[in-house]
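# Results of the structural survey
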Amino acid sequence: MPTPVLRCDHLVRRFGDRVAVDDVTFTIEAGETYGLLGPNGAGKTTTISMIAGVLRRADGSVEVLGEPIGSGGSAAKASIGLVPQEIALFDDLDAVENLRFFGRLQGMSKRDLAGRIDEVLEIVGLAQRRRDRVSTYSGGMKRRLNIAAGLLHRPALLILDEPTVGVDPQSRNQILDSIERLGRDGLSVLYTTHYMEEAERLCTRIGIMDGGRMIAEGSPGELETLTGRADLESVFLSLTGSDLRD
């Protein structure tokens, strides 16, 4: 069998006496868009923070392309593009200057960056605003530029933590269109969301998290068959007893 792009085995994270992530296991195959679906506080962000090496694990292991992610620096970390919920940009710089800065942090050469910046700006639909200061961008545009920064170094795995929260409908559709394009191009994506329609639109498989645990996993169709429900919203309600929109 081919090596998964991502393998997470029995991940555990505690904050004091509280278990925030409890024995979470899943894999992501090459070219797959995998959704972590759950309400706020389900443990999604904590899980991806452990995958990216931002948080230490209390237990469990993470491998990217068969290489372990440790607590220190590793080659495996360089295969991950992490796009956090928080905007991580310099408002006084334009898009190109921001991307050049983040590309250099990733160890990219000026020569590699020259063409790659144009490519990622085209992917996220910001090529026409490449020389505008980020301070003039809408919130949705800033999120799209955040995604461009995560794509610069051609990661094997792109991790997106609820990238459409708080953005306008037009920017949301542009973000989703970009992610669909990346999936068609063969990039593996880990996508966290609490919007069921996004998970259904983007994800080949979905892991449903609640209370720090992975309570179900499968394609949208498999989850509906498992629970005997006709849509993902009903699936979530039957598994957790709560409405994802609450």
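Above this note sits the structure.
Residues numbered from 1 in each chain as written. Predicted model: local features only at pLDDT ≥ 70, side-chain atom pairs only at ≥ 80, totals over all residues. Heavy atoms only, no water.

## Section: the packing of helix 2 (residues 95-105) against helix 3 (residues 110-123)
It is at 10 Å that the axes of helix 2 and helix 3 come closest, and there the two elements cross at 130°. As far as their axial angle goes, helix 3 and helix 2 are oblique. Crossing of helix 2 over helix 3 shows right-handed handedness. Mapping the contact onto sequence places Ala95, Val96, Leu99, Arg100, Gly103 and Arg104 in helix 2 and Lys110, Leu113, Ile117, Val120 and Leu121 in helix 3. The residue makeup of the contact of helix 2 with helix 3, split by class, is seven nonpolar, one polar and three charged. (Axes fitted to C-alpha atoms, helices over the stretch in contact; angles between N-to-C directions. Helix = DSSP H or I, 4+ residues; strand = E, 2+ residues; numbered from the N terminus. Parallel < 35°, antiparallel > 145°, perpendicular 65-115°, else oblique. Left-handed = near helix turned anticlockwise from the far one by under 90°. Contact = heavy atoms within 4.5 Å. Nonpolar A, V, L, I, M, F, W, Y, C, P; charged D, E, K, R; others polar.)

## As for the sheet that holds strand 2 (residues 18-28)
One open sheet accounts for four strands, arranged 2-1-4-5; its pairing is antiparallel. Looking at which strands have only one partner, the edges of the open sheet turn out to be strand 2 and strand 5 (67-68). Note: strand 1 (residues 6-15) against strand 2, eight bridges, orientation antiparallel. Bridge pairing in strand 2 links valine 12 to aspartate 22. Contacting strand 1, strand 2 and strand 4 (59-64), helix 1 (residues 44-51) crosses the sheet at an angle of about 120° to strand 1. (Pairing = 2+ DSSP bridges.)

## Points about the environment of phenylalanine 15
Locating phenylalanine 15 in the fold gives a position in strand 1. You can call phenylalanine 15 partly exposed: its relative accessible area is 33%. Taking the C-alpha atoms as reference points, phenylalanine 15 and tyrosine 195, separated by 180 residues in sequence, lie 26 Å from one another. (Buried < 20%, exposed > 50% of the residue type's maximum accessible area, 1.4 Å probe, protein only.)

## With respect to the state of the cysteines
Summed over all chains, the structure comprises zero disulfides. Distance from the sulfur of cysteine 8, which forms no disulfide, to the nearest cysteine sulfur (cysteine 203) is 15 Å. What makes cysteine 8 buried here is its relative accessible area of 0%. (Disulfide = S-S within 2.5 Å.)

## Concerning the packing of aromatic side chains
Throughout the structure, instances matching the rule amount to four aromatic pairs. A ring pair is formed by phenylalanine 26 and tyrosine 34, whose centres lie 4.9 Å apart and whose planes are at 15°; its orientation type is stacked. For tyrosine 34, a relative accessible area of 0% translates into the label buried. Between the aromatic rings of phenylalanine 90 and phenylalanine 102, the centroid separation amounts to 6.2 Å while the plane-to-plane angle is 25°, which identifies the pairing as stacked. Within this pair, whereas phenylalanine 90 is found in the loop between strand 6 (80-83) and helix 2, its partner phenylalanine 102 is found in helix 2, the two being separated by 12 residues in sequence. Grouping aromatic residues by their ring pairs yields a cluster made of Phe90, Phe101 and Phe102. A cation over a ring is seen here: arginine 13 above phenylalanine 15, with NZ or CZ 4.6 Å from the ring centre. (Phe/Tyr/Trp six-rings, centres within 6.5 Å; stacked < 30°, edge-to-face > 60°. Lys NZ or Arg CZ within 6 Å of the ring centre and 35° of its normal.)

## With respect to the sheet that holds strand 9 (residues 205-210)
One open sheet holds the six strands; their spatial order is 6-7-8-3-9-10, and the pairing between them is mixed. Of all the strands in the sheet, just strand 6 and strand 10 (213-218) have a single pairing partner and so form its edges. Strand-to-strand twist in this sheet, taken as the mean axis angle between neighbours without regard to direction, amounts to 15°. In the packing of helix 4 (residues 139-151) onto the sheet, contacts are made with strand 6 and strand 7 (157-161), and the angle to strand 6 comes to roughly 165°.

## A word on the nonpolar core
Grouped burial of nonpolar side chains is what soluble globular proteins tend to show. Formed by 41 residues in total, the largest nonpolar core has its most connected members in Leu99, Leu121, Leu145, Leu151, Leu152 and Leu160. Mapped onto this core, the elements with two or more residues apiece are helix 2, helix 3, helix 4, strand 7, helix 5 (169-184), strand 8 (188-193), helix 6 (196-202) and strand 9. Take this core: its biggest share by element is six residues, from helix 4. Excluding its chain neighbours within four sequence positions, the residues that come into contact with leucine 152 are Leu99, Phe102, Gly103, Met108, Leu113, Arg116, Ile117 and Val120. (Core = buried A, V, L, I, M, F, W, Y, C linked by side-chain atoms within 4.5 Å.)

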